[in-house]
Amino acid sequence: MDKLTAEEIYYTMALGRKFEYAAKEHYMTGEISGFLHLDIGQEALSVAAMKAFDHGDVFTTYREHIMAIARGIEPKAVMAELFGKKTGVSEGRGGSMHLFDPSHFFYGGDAIVGGHLPNAVGCAYARKFQESEHGVMAVFGDGATNGGAFFESLNIASAWKLPILFLCENNRYAIGTEITRVAPFLEQAKKAEPYMPTMEVDGNDAVAVYEAIKEAQAYIQKGHGPLFIEAFTYRWEGHSMSDPGSYRSPEEIEIWKRRDPIERMKTVLKERYGVSDAQIEALDQKAQTAVDEAVAFASESPEPEVSELFEHLFVEEVTHG
Amino acid sequence: MAEMLYREALNRAIDECMAADPNVVMLGEDVGLYGGSYRVSEGLVSKYGEKRLIDTPIAELSIVGNAIGMAIGGLRPIAEIMTANFSLLAFDQIINHMAKYRYMSAGKLTLPMVVRFPQGVSKQLAAQHSESYEQMLSAVPGIRVFAAGDPNYAYHALKKAILMDDPVVFIEHELLYNKKGEVDLDAEVDPFKARIVKEGEDLTIVSYLKMVDDVMAAVPEIEKQTGKSCEVIDLQSLNPFDTGTLKASIEKTGRLVVVEEDHKMGGYGAQVVSWAAESLFYALDAAPLRIAGENVPIPYNRKLELASIPTPDKIAAKIIEWGANNGL
C-alpha cells in the first residue's frame, strides 16, 4: 500500500466513524428514523475492502453507509438518504438500508439477510459471460452463513467457477444471537472449504484487509473461480438503534474497543509512512468538515413530493387499462 | 399467419429474441440439454450454446436470484420455474428483490428480466404440482404479470416481456402447451390489452389461461339454455389489467361473471369483482358471479381433482342457475 492510499483509507475511516456518530445523533433528534445500523468499530473492513476492490461490482447488506462512502458515493447523498430527502442517493425511497449506485458499481443495500448473495452470483455470471475484467464482491455477516441462500450461492459459484469474492464480516453476533449458539464453530469459512479456497484476516487491521482483498481480486480475475475471505471484527454499537445490547458484557466490548481499527491505522500512518500528528489532525478535521457539510446538506434538502409516489416503479408506463 | 402449438410459440419468441440480442440468456432446471420439462426451449441449446441456455441446480431461490444479478450485470435473463409450486422457494427473490430494486434505488437499477411460470391443474399431479399463484404475484407492486391463454398471445407477449426493461412474471398453463392456434407473426399485439374472444350482448364472462377454453366450451350450453349471448374476455395481462376493455363490455351487458382456476378464497377474480363493484356498480344489473377453485389442496384422484376446479359443465350449470335467479 502506498502512502497516498494509506492516508485515503485513514481519512475515509475517520470520516465513516464521524458520519456514524452524526447519524446516531440525528436519529436521537428524530430527523433520521426507521432502522439505523451503525458500523462503528468495523471501519477498517468496510473502508479497506471497498478501496482494494477497484475492479468489480459490490453487493452488500444494510450496514453499508461507510461502504457506500468508501465506494465513492458522496457523504451528502448518503446522509440525505438517511434523512429521507429527495437529494438522497435513493431519493428517499430506500433510507439507511438501501443505498445503490451503479455508477460506482455498488448494488446496495439489501436488508434480507443472505438474500443478495444469489444476486451477486448472477452478476458474476454476467461478468464471466462478458469476459469482463470485473469480478464481484459479496459482503455479508456471519448471520447470513446459516441460511439456504448462502449455501446455494457457494455451490453455484463453485460449480460454474464464477469470479466472485465472498467476504464474510464475522462480528460474532446475528442481532442478539452469538454465532456459536447457532452454528457449530466460530469460523464460518469452514462452511466454504469444500467449495473454494478460504482466507482469514483480522478485520480490524486495514492494511491486512486491503492486501487480502487485493490478492483475492487478482485471484478471481484470473478465472480460478470463487474465493472466500472471513474477516473478524466487532461492532461497538447494538445491531440497530433499537437494540439495547444486553447480550454482550461491557468487558467484551471494552476488549474490542482496545482493538480500535482507527487508532491502529493512525499508528501505521505514523510509524510506517512518517505522517505527522499535525497531518493526521488535518485529515480528521477534513473528515469532520465533510460530515458537517453532509448533515447541513441533508437537513436543508427538500423532501420528495407526494406526487412522486409512483415514480421509479416501472420503466415502461402503461397508459390504458 | 402460422399455425403452431403454444409451446412452439413460446419457443419461437425466445429463439427470435436470442437471435436478435446476444445478451438474452435463459436459465432454469433442465432448460438446456434436456430442452425444458415442457419442451419450451427445445433445440435452443444447439443454436446458442450452454453459456446462454443455462442448466441450473434445483435451487429456485438461486434461479430467480441469479437472474436478478444477471440483469443488474447487463444481461436479459429468462428464468424458467419448472412448476409454480416450486416458485415459492423463490418468492423472497421475486417479492423482496425483483419487484423492489428499481423503486428502492430510485430507478438506478433496472431489471430487464422474465420469470416464466408454468402453473395450474394439469392431470393428477396432486397438491404440490398443481397450484396457481397469480393472486399472490398480482398483489406485488413492481412486477408485470402476464397470463398466456393462446399461442398468439404467448408468442407476442413473451417477446415483448423479454424486450421490456421491467421485470415480468409470465404465467403459462401446463395444459396449454400442446394447444394449437394461429399466430399472426406480423401483428402488433399490446400485451397489456385484454382480448375479446367472443362478442356478445347479455353477459360478460372474464377469464384467463386455460379457463378461457373451458368457458368457451360452456358457452353453447349457456346460450342454448338462456337464449342470451355471452361476451368472453381473456384478460391476458393480470397486473395491470385492462379495465378499459372490461368497462366497455360490462356497460354493454350489465352482467359480470369471473371464472378462475385458483382457490376462491383470496383468488384473483376477487380483484376484478371488487373493481367492478367500486367502479361500475350502477352499470351492473345483477350481483357478479365468481366461479373458482375450491378451498382445498388439489387432490390426486381424478374425480376429486375435477371436483376441486371449474369444468365446462360446472361453469355452464352455475351460470345458468345464477342467470335464472338474476333475471338473465
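A separate point is the overall build of chain B. A count of helices and strands for chain B gives twelve helices and 14 strands. Against the globule reference of 20 Å for 328 residues, chain B gives a C-alpha radius of gyration of 20 Å, in line with a compact fold. The principal-axis extents of the C-alpha atoms in chain B amount to approximately 60 × 45 × 40 Å. The buried share of chain B, taken over its 328 residues, is 62%. Pairs at least 24 apart in sequence give 81% of the contacts found in chain B among residues at least 6 apart. Of the roughly 11,800 Å² of accessible surface on chain B, a fraction of 52% belongs to carbon and sulfur atoms.

Looking only at helices and strands, one finds eleven helices and eight strands in chain A. For chain A, the C-alpha radius of gyration of 19 Å lies close to 20 Å, the compact-globule estimate for 321 residues. Projected onto its principal axes, the C-alpha positions of chain A cover 65 × 50 × 40 Å. In chain A, which comprises 321 residues, the proportion classed as buried is 58%. Computed over 30 positive and 50 negative side-chain charges, the inter-centroid distance for chain A is 5 Å.

Residues and elements named next belong to chain A. Within the secondary structure layout, Ala174 lies in strand E5 (residues 173–174). Exposure remark for Ala174: the relative accessible area of 29% places this residue in the partly exposed category. Sequence separation of Ala174 and His239 is 65 residues, and the distance between their C-alpha atoms is 7.9 Å. Once residues lying within four places of it in the same chain are set aside, the contact partners of Ala174 are Asp142 and Gly143.

With that settled, the discussion passes to the interface of chain A and chain B. Chain A puts 42 residues into the contact, and the matching count from chain B is 52 residues. Of the roughly 3,900 Å² buried between chain A and chain B on both sides combined, carbon and sulfur atoms contribute 62%. Between Lys160 of chain B and Glu316 of chain A there is a salt bridge whose closest N-O contact spans 3.2 Å. Elements represented by at least two residues in the side of chain A that touches chain B include exactly strand E2 (106–110), helix H5 (117–129) and helix H6 (148–159) of chain A. Per-element accounting of the side of chain A that touches chain B gives the leading share, nine residues, to H5 of chain A. Residue composition of the side of chain A that touches chain B, grouped by class: 20 nonpolar, twelve polar and ten charged.

By size, the foremost hydrophobic cluster in this structure holds 117 residues, and its most contacted members are Ile164, Phe166 and Phe228 of chain A together with Phe117 and Leu137 of chain B. Considering every element that reaches this core, the biggest residue donor is H5 of chain A, with eight residues. Three or more residues apiece are contributed to this core by two domains, here domain 1 (2–183) and domain 2 (195–325) of chain B. In this view, Ile164 of chain A contacts Ala120, Val121, Ala124, Val136, Ala138, Ala157, Ile220, Pro226 and Leu227 of chain A; residues no more than four positions away in its chain are not counted. Ranked by size, the runner-up nonpolar core spans 74 residues in total, among them Ile40, Phe106, Leu167 and Trp236 of chain A.

What follows covers the side chain of His156 of chain B. Residues and elements named next belong to chain B. Relative to the helices and strands, His156 is located in helix H7 (residues 151–163). By relative accessible area, His156 is classed as buried at 8%. Of note is the side chain of His156, whose polar atom sits 2.7 Å from the backbone oxygen of Asp184. Filtering out sequence-adjacent residues up to four positions away, His156 remains in contact with Val183, Asp184, Leu185, Ala187 and Val189.

Moving on, we get to the sheet that holds E2 of chain A. Residues and elements named next belong to chain A. Strand order in the open sheet formed by six strands is E2-E1-E3-E4-E8-E7, and the pairing between neighbours is parallel. This sheet does not close on itself; its edge strands, each paired only once, are E2 and strand E7 (198–202). In this sheet, adjacent strand axes meet at a mean angle of 15° when their direction is disregarded. As paired elements, E7 and strand E8 (residues 227–232) share five bridges and run parallel to each other. Each residue of the ladder has a partner; that of Asp202, found in E8, is Phe232. Of the strands in this sheet, strand E3 (135–141), strand E4 (164–170), E7 and E8 are in contact with helix H8 (residues 206–221), which crosses E7 at around 160°.

A regular strand carries its side chains on alternate faces of the sheet. Residue and element names in this part refer to chain B. With six of six residues buried, strand E5 (residues 114–119) is to be regarded as a mostly interior element. Burial along E5 is two-sided: the face carrying Val114, Arg116 and Pro118 and the face carrying Val115, Phe117 and Gln119 are both buried. Where strand E4 (residues 76–80) and E5 come together, three bridges link them in parallel fashion. Bridge pairing in E5 links Ala79 to Val115. Direction of pairing for E5 relative to strand E7 (residues 168–173): parallel, over a ladder of six bridges. Directly across from Gln119, in E7, lies its bridge partner His173.

Time to look at the packing of helix H1 (residues 6–20) of chain B against H7 of chain B. The geometry of a pair of packed helices is captured by two quantities: the angle between their axes and the separation between those axes. Residues and elements named next belong to chain B. Between H1 and H7, the least distance of the axes is 8 Å, while the angle of their chain directions is 25°. With respect to H7, the axis of H1 lies roughly parallel. Between H1 and H7 lies a crossing whose hand is right-handed. Residue-level inspection shows Tyr6, Ala9, Leu10, Arg12, Ala13, Ile14, Glu16 and Cys17 of H1 in contact with H7, the latter providing Pro151, Ala154, Tyr155, Leu158, Lys159 and Ile162.

With that out of the way, let us pick up the sheet that holds E7 of chain B. Adjacent strands of a sheet pair through backbone hydrogen bonds, lying either parallel or antiparallel. Residues and elements named next belong to chain B. One open sheet accounts for seven strands, arranged E3-E2-E4-E5-E7-E6-E12; its pairing is mixed. The sheet is open, and its two edges are formed by strand E3 (53–55) and strand E12 (237–239), each paired on a single side. Direction aside, neighbouring strands of the sheet carry axes that sit 20° apart on average. Where strand E2 (residues 24–28) and E4 come together, five bridges link them in parallel fashion. Bridge pairing in E4 places Met26 opposite Ile78.

To continue, consider the pattern of salt bridges. According to the stated counting rule, one finds 32 salt bridges over all chains in the structure shown. As a salt-bridge pair, Arg17 of chain A and Asp260 of chain A come within 2.9 Å of each other at their nearest N and O atoms. Here Arg17 of chain A, found in helix H1 (residues 3–28), pairs with Asp260 of chain A, found in the loop between helix H9 (250–257) and helix H10 (261–273); they are 243 residues apart in sequence, far enough to count as distant. Judged by its relative accessible area of 9%, Asp260 of chain A falls in the buried class. Between Arg302 of chain B and Glu305 of chain B there is a salt bridge, with the nearest N and O atoms lying 2.6 Å from each other. You can see Arg302 of chain B and its partner Glu305 of chain B sitting in helix H11 (residues 302–307), three residues apart, about one turn around the helix. The exposure class assigned to Glu305 of chain B is buried, which follows from its relative accessible area of 0%. Through salt bridges that share partners, Lys86, Glu91, Arg93 and Glu308 of chain A make up one connected network.

So, how was this worked out
- Counting from 1, residues in each chain are numbered in the order their sequence is written.
- Chains carry letters from A onward and ligands carry numbers from 1 onward, assigned in written order.
- With the structure being a predicted model, the display of local features is reserved for residues of pLDDT at least 70 and the display and counting of side-chain atom pairs for 80 or more, all residues being used for whole-chain, interface and lining totals.
- Computation of side-chain values: all heavy atoms of the structure, hydrogens and water removed.
- Working definition: helices are DSSP H or I runs of at least four residues, strands are E runs of at least two. Numbering for both runs from the N terminus.
- In this description the radius of gyration comes from C-alpha coordinates, and the expected globular size is given by 2.2 Å times residues to the power 0.38.
- Relative accessibility under 20% of the residue-type maximum defines a buried residue, over 50% an exposed one, and the middle range a partly exposed one, all with a 1.4 Å probe and only protein chains included.
- Whether two residues are in contact is decided by their heavy atoms: any pair within 4.5 Å suffices.
- Every accessible area reported is derived by Shrake-Rupley at a probe size of 1.4 Å, with residue values counting cover from the shown protein chains alone.
- His is not counted, nor are the chain ends; Lys and Arg add positive charge and Asp and Glu add negative charge.
- Where a charge lies is defined by one atom per residue type, namely NZ (Lys), CZ (Arg), CG (Asp) and CD (Glu).
- By definition, the buried area sums, over both parts, the 1.4 Å-probe accessible area that each loses when the two are put together.
- A pairing counts as a salt bridge when a side-chain nitrogen of Lys or Arg comes within 4 Å of a carboxyl oxygen of Asp or Glu.
- Throughout this entry, Asp, Glu, Lys and Arg are counted as charged residues, while Ala, Val, Leu, Ile, Met, Phe, Trp, Tyr, Cys and Pro are counted as nonpolar. The remaining residues, Gly among them, count as polar.
- Think of a nonpolar core as a cluster: buried Ala, Val, Leu, Ile, Met, Phe, Trp, Tyr and Cys residues, connected wherever their side-chain atoms sit within 4.5 Å.
- Marked domain ranges trace back to an automatic or database domain assignment.
- Pairs of N or O atoms within 3.5 Å make up the polar contacts considered here, provided that, within protein, one atom can donate a hydrogen while the other can accept it, and that residues adjacent in sequence are counted only when both atoms are side-chain atoms.
- Two strands are counted as paired when DSSP detects at least two bridges linking them.
- In this description, a line fitted to the C-alpha atoms serves as the axis of each element, helices being fitted only across the stretch in contact, and the angle between N-to-C directions of two axes falls anywhere from 0 to 180 degrees.
- In what follows, roughly perpendicular refers to angles from 65 to 115 degrees, roughly parallel to angles under 35, roughly antiparallel to angles over 145, and oblique to any angle outside these ranges.
- Crossing chirality is assigned from the near helix's rotation relative to the far helix, an anticlockwise turn below a right angle marking it left-handed and a clockwise turn marking it right-handed.

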